[in-house]
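Close look at the chain arrangement
Spelled out from the first residue to the last, the chains are:
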Amino acid sequence: MRFLKTFLFTILFTTSISYAGDWPQILGVSRNGHAIGETLDATWPEAGPTVNWQRDVGSGYAGLAVLNNVAILFHRIGDQETVEALQAETGEVLWKQSGTVNYNGTYNPNNGPIAVPLIHKNRVYTFGIAGRLQCLDFKTGKKIWSRETHRDFQVKAGYFGVGSSPIIVQDKLLVNVGGKRKNAGIVAFSLDQGIMLWQSMQDDASYSSPIAAFLHGRYYAIFITRSHLTGIDPQTGNVLFQFPFGKRGPTVNGASPVLVRDYVFATSSYGVGSFWGKIDQLNTSEIWRNHEIMSSQYTTPIEYGGTLIGIDGRQDIGPTRLLCFDPQTKKVNWSQDDFGYATLLEADNKLILMKTDGTLVLAEASREKYKELGRARVLNSTTRALPALSNGRLFVRDEKTLKCLQLKTEQEIPKTPETSKTN
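Going along each chain's sequence as written, the residues are numbered from 1 onward. This being a predicted model, a pLDDT of at least 70 is required before a residue's local features are given, and a value of 80 or more before pairs of side-chain atoms are given or counted; all residues contribute to the totals for chains, interfaces and linings. Side-chain metrics in this entry use all non-hydrogen atoms of the structure; hydrogen atoms and water are not considered.

**Remarks on the packing of aromatic side chains**
The criterion for an aromatic pair is that two Phe, Tyr or Trp rings (for Trp, the six-membered ring) have centres within 6.5 Å, with stacked assigned to planes under 30 degrees apart, edge-to-face to planes over 60 apart and tilted to the rest. By the definition in use, this model includes 15 aromatic pairs. With centroids separated by 6.3 Å and ring planes inclined at 80°, the aromatic side chains of Phe339 and Tyr370 adopt a geometry described as edge-to-face. One end of the pair, Phe339, is in the loop between strand E25 (331–337) and strand E26 (342–347); the other, Tyr370, is in the loop between strand E28 (359–364) and strand E29 (372–377), with 31 residues separating them in the sequence. Across the pair, Tyr370 and Phe339 agree in class, each one buried. Feature note: the residues Tyr220, Phe241, Phe243 and Phe275 constitute an aromatic cluster, connected by ring pairs. The rule for a charge over a ring is simple: NZ of Lys or CZ of Arg within 6 Å of the ring centre, and within 35 degrees of the ring normal. Its guanidinium or amino end placed over the ring of Tyr263, Lys278 lies 4.6 Å from that ring's centre, counting from NZ or CZ. A cation over a ring is seen here: Lys355 above Phe339, with NZ or CZ 5.1 Å from the ring centre. Labels follow the DSSP assignment, with helices taken as runs of H or I lasting at least four residues and strands as runs of E lasting at least two, numbered in each case from the N terminus. For the exposure calls, accessible area comes from a 1.4 Å probe over protein chains only, and a residue counts as buried if that area is under 20% of its type's maximum, exposed if over 50%, partly exposed in between.

**So, the pairing of strand E8 (residues 132–137)**
With six of its six residues buried, E8 lies for the most part within the structure. Alternating positions in E8 separate into two faces, Arg132, Gln134 and Leu136 on one and Leu133, Cys135 and Asp137 on the other, with burial throughout. Pairing between strand E7 (residues 123–127) and E8: five bridges, direction antiparallel. Within E8, the residue paired with Thr126 across the bridge is Gln134. The criterion for strand pairing is that DSSP finds at least two bridges linking the strands in question. Where E7 folds back onto E8 in an antiparallel hairpin, the turn is made up of four residues, including Gly131, whose phi is positive at roughly 95°. Pairing geometry for E8 and strand E9 (residues 143–148), over five bridges, is antiparallel. Bridge assignment links Leu136 to a residue of E9, and that residue is Lys143.

**Looking at the confidence of the model for the protein**
Of the residues in the protein, 92% have a pLDDT of 70 or more, and the chain-wide mean is 92. On a range of 0 to 100, pLDDT expresses the predictor's confidence in each residue. In this analysis, two residues are considered to be in contact whenever any of their non-hydrogen atoms come within 4.5 Å of each other. Note that residues 1–16 has pLDDT below 50 and, in this model, 36 contacts with residues that lie over four places away or in other chains. Overall, residues 412–423 carries pLDDT values under 50, and its contacts beyond four positions in sequence, including any with other chains, amount to two contacts.

**Things to note about the environment of His34**
By the element assignment, His34 lies in the loop between helix H1 (2–14) and strand E1 (50–56). Residue classification places His34 among the buried residues on the basis of a relative accessible area of 16%. For His34 and Lys350, which are 316 residues apart along the polypeptide, the C-alpha to C-alpha distance reads 10.0 Å. Setting aside chain neighbours within four positions, we find His34 in contact with Trp23, Leu27, Ile302, Glu303 and Glu346. In protein, a polar contact means a hydrogen-donor-capable atom and an acceptor-capable atom, both N or O and within 3.5 Å, with residues adjacent in sequence counting only if both atoms are side-chain atoms; elsewhere, any N or O pair within 3.5 Å suffices. A polar side-chain atom of His34 sits 2.6 Å from a polar atom in the side chain of Glu346.

**Quick notes on the sheet that holds E26**
The strand order across the open sheet built from four strands is E26-E27-E28-E29, with neighbouring strands paired in antiparallel fashion. Where the open sheet ends on each side, the last strands, each with one partner, are E26 and E29. Recorded for the sheet is a direction-independent mean angle of 15° between the axes of neighbouring strands. Sheet topology places E26 next to strand E27 (residues 350–355); six bridges connect them, and they run antiparallel. Bridge assignment links Ala347 to a residue of E27, and that residue is Lys350. Lines fitted to C-alpha atoms define the axes here, with helix axes fitted over just the stretch in contact, and angles between the N-to-C directions of these axes take values from 0 to 180 degrees.

**Observations regarding the layout of surface pockets**
As a volume, the largest pocket reaches approximately 750 Å³. Contributing to the lining of the largest pocket are 34 residues, with Tyr61, Ile114, Tyr207, Tyr298 and Arg384 lying nearest its centre. If you add up the space inside the second largest pocket, you get close to 650 Å³. Cavities and pockets are defined on a 1 Å grid built over the protein atoms alone: a cavity is a set of grid points where a 1.4 Å probe fits but cannot escape, while a pocket is an open set with protein on both sides within 12 Å along at least five of seven lines, and lining residues are those with an atom within 4 Å of any such point. Around the second largest pocket, the lining is made up of 32 residues, and of these Lys156, Gly158, Asp204, Ala205 and Arg226 lie nearest the centre. Grid points are joined across faces, edges and corners, and a volume is the space filled by probe spheres set on the points.

Structure below.
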């Protein structure tokens, strides 16, 4: 019951009103990789899922956000960082909004946006590769406000540009800015005008996106910054707990933190490893750190029945494995060695795994064993963007192409005598 209450509070204060079939922000309604109210086919055709539609896209690794059958695509075309609203069923462009961006990849040639858009109360919030934070009207694309955070808060250049998706908690937009001006590591903005409300910490930004929870009678915004795992009071910016997490040098924190009841899990590769701690009203405590179980470069694990399912390893050098383990005991329940790097989500007690080589995998979500249900090559180049699932449609993209795949067979509703008379 305690977990259910936490889950419901998380939905209420981190999203606008969302229903089954919505995917309004990174990792879904609750930012945990679980889809709500979805049913999926248990098998695929031999050639893989049906492609409803596809189109060319510009550069960037940002996955899509979907609300009310409208999908928001965030990418870069030429020197224009572009937001497009697409009709989810057909891919028809409903509106487009663009702005000039001046950014060239350094460690990685990607020069397009990485952060997944956020949809909330008829507004779209995007955080561009060079630090442009903006708010658009969800129905028209009209710009409501924008902030150049790198200029305003003196943000130094990162390895791959901006990559942390903002979160809304208690009617504030919280952003891992990473600014050096007056402790602007994490900054809160007003939703209506983008006015700075508070700023906290001196940490550089990470590529991890924050989550939120209601625990022990209070709200927590939980961030992994460049060098810490920290809990913030979203109302004031006060630090509620903080643990070292990360390393200096060429390292990246990319995965989001994961809640399991009132425990928090964090993972990174580059010699950082994993963290497991208990969030307590008076004294949040570290329980263990480990380099051997799960050190994920940027994939956020899925909590399933108290276990964690995710990727251990790095995409660029390998090896990688898919595994399920119990964070309380550190026991590995099952493992698929040399699986390849992938991002994942859960729907209808199934895992949807989008591998970086363009292969899509469907498997049972299970604490006991790994059972694969389907596998198909759906994209042709490196695929890092997070998939989005909405009403049986899976939106996946690589560096050139966006595809809408049908994971639920659409069945015609049988006609009753009454409905037959009207047709």
